[in-house]
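Listed here are the chains, written in short residue letters.
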Amino acid sequence: MVFDHVNEVWKVWIGQNAYGVEQGHTIELRIKNQYYQAYVEKDFDWFVTLDKEVSFSLRSYEIYKVKIFMPYFQLFEAPF
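Each chain has its residues counted from 1, running along the sequence as written. Owing to the predicted nature of the model, reporting of local features is limited to residues with pLDDT of at least 70; listing and counting of side-chain atom pairs is limited to 80 or more, with chain, interface and lining totals taken over all residues. Calculated side-chain values reflect all of the structure's heavy atoms, with hydrogen atoms and water omitted.

> Quick rundown of the overall build of the protein? Include the residues and the values.
The helix and strand tally for the protein stands at zero helices and nine strands. Secondary structure elements are defined from DSSP: runs of H or I of at least 4 residues count as helices, runs of E of at least 2 residues count as strands, and each element is numbered from the N terminus. Across the protein, helices and strands are ordered from the amino to the carboxyl terminus as β-β-β-β-β-β-β-β-β. Every one of the 80 residues in the protein was classed for burial, and the buried ones make up 31%. Here the open area of atoms and residues is found with the Shrake-Rupley method and a 1.4 Å probe, where only the protein chains shown may cover a residue. Just so you have it, the protein exposes about 5,900 Å², and 50% of that area is on carbon and sulfur atoms. For each residue, the accessible area found with a 1.4 Å probe, counting protein chains only, is set against the maximum for its type, and the residue is called buried under 20%, exposed over 50%, and partly exposed in between.

So this is what it looks like as structure tokens:
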């Protein structure tokens, strides 16, 4: 999952396809070698809540490894 600084949204890239991440989406976020269920949210900054207990801000210059359930995500057109 990477941050699109032009549109100010998070995107998940699978091959050459980008899928938009929105508030309220559920993802599985990899931390070390384990995946945790996380809810994507936005206030002043984007953040995730893990297992409905722990929240932390996402860093816009960080790349996150995630798993997604494809039908919930909208396909973006590639800019190239």
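> Kindly report on the sheet that holds strand S7 (residues 54–57), identifying the contributing residues and their values.
Here, strands pair whenever DSSP counts at least two bridges between them. An order of S7-S6-S5-S4-S8 is seen for the five strands of this open sheet, with the pairing classed as antiparallel. Strand pairing shows two members of the sheet lacking a second neighbour, S7 and strand S8 (66–67), which therefore form its edges. Bridge count between strand S5 (residues 34–42) and strand S6 (residues 46–50): five bridges; the pairing is antiparallel. Residue pairing across strands places valine 40 opposite valine 48, the latter belonging to S6.

> Would you mind going over the packing of aromatic side chains in detail, with residue names and values included?
Think of a pair of aromatic rings as described by two things: how far the centres are apart, and how the planes are tilted against each other in angle. For Phe, Tyr and Trp, where Trp contributes only its six-membered ring, two rings pair if their centres lie within 6.5 Å, and the inter-plane angle classes them as stacked under 30 degrees, edge-to-face over 60, or tilted in between. Tallying each qualifying case throughout the model produces two aromatic pairs. Among the aromatic residues, those joined into a cluster by ring pairs are Phe3, Trp10 and Tyr64. In this structure, lysine 67 packs its charged tip against the face of tyrosine 35, placed 4.4 Å from the ring centre. Throughout this description, the term charge over a ring refers to an Arg CZ or Lys NZ atom that lies within 6 Å of the ring centre and within 35 degrees of the ring normal.

> Break down the pairing of S6 for me, citing the residues and quoting the values.
Of all five residues in S6, five are buried; the element is thus mostly enclosed. Here S6 shows a buried face lined by Trp46, Val48 and Leu50 and a second buried face lined by Phe47 and Thr49. Remark: three residues form the turn of the hairpin made by S5 and S6, two consecutive strands paired antiparallel. Bridge count between S6 and S7: four bridges; the pairing is antiparallel. When the sheet's bridge partners are listed, leucine 50 is paired in S7 with valine 54. Here S6 folds back onto S7, and the loop between the two strands holds three residues, one of which, aspartate 51, carries a positive phi near 45°.

> Describe the nonpolar core, naming the residues involved and giving the relevant values.
Core analysis: the largest hydrophobic core is formed by 17 residues, its most contacted members being Met1, Trp10 and Val66. Put simply, the parts of the chain that give this core at least two residues each are strand S2 (9–14), strand S3 (17–21), strand S4 (26–31), S5 and S6. In terms of residues, this core owes the most to one element, S6, which gives three residues. By definition in these notes, contact holds between two residues if any of their heavy atoms fall within 4.5 Å. Sequence-distant contacts of valine 66, that is, excluding residues within four places in its chain, are made with Met1, Val12, Ile27, Glu28, Leu29 and Tyr35. Take the buried Ala, Val, Leu, Ile, Met, Phe, Trp, Tyr and Cys residues and link them wherever side-chain atoms come within 4.5 Å; each set so joined is a nonpolar core.

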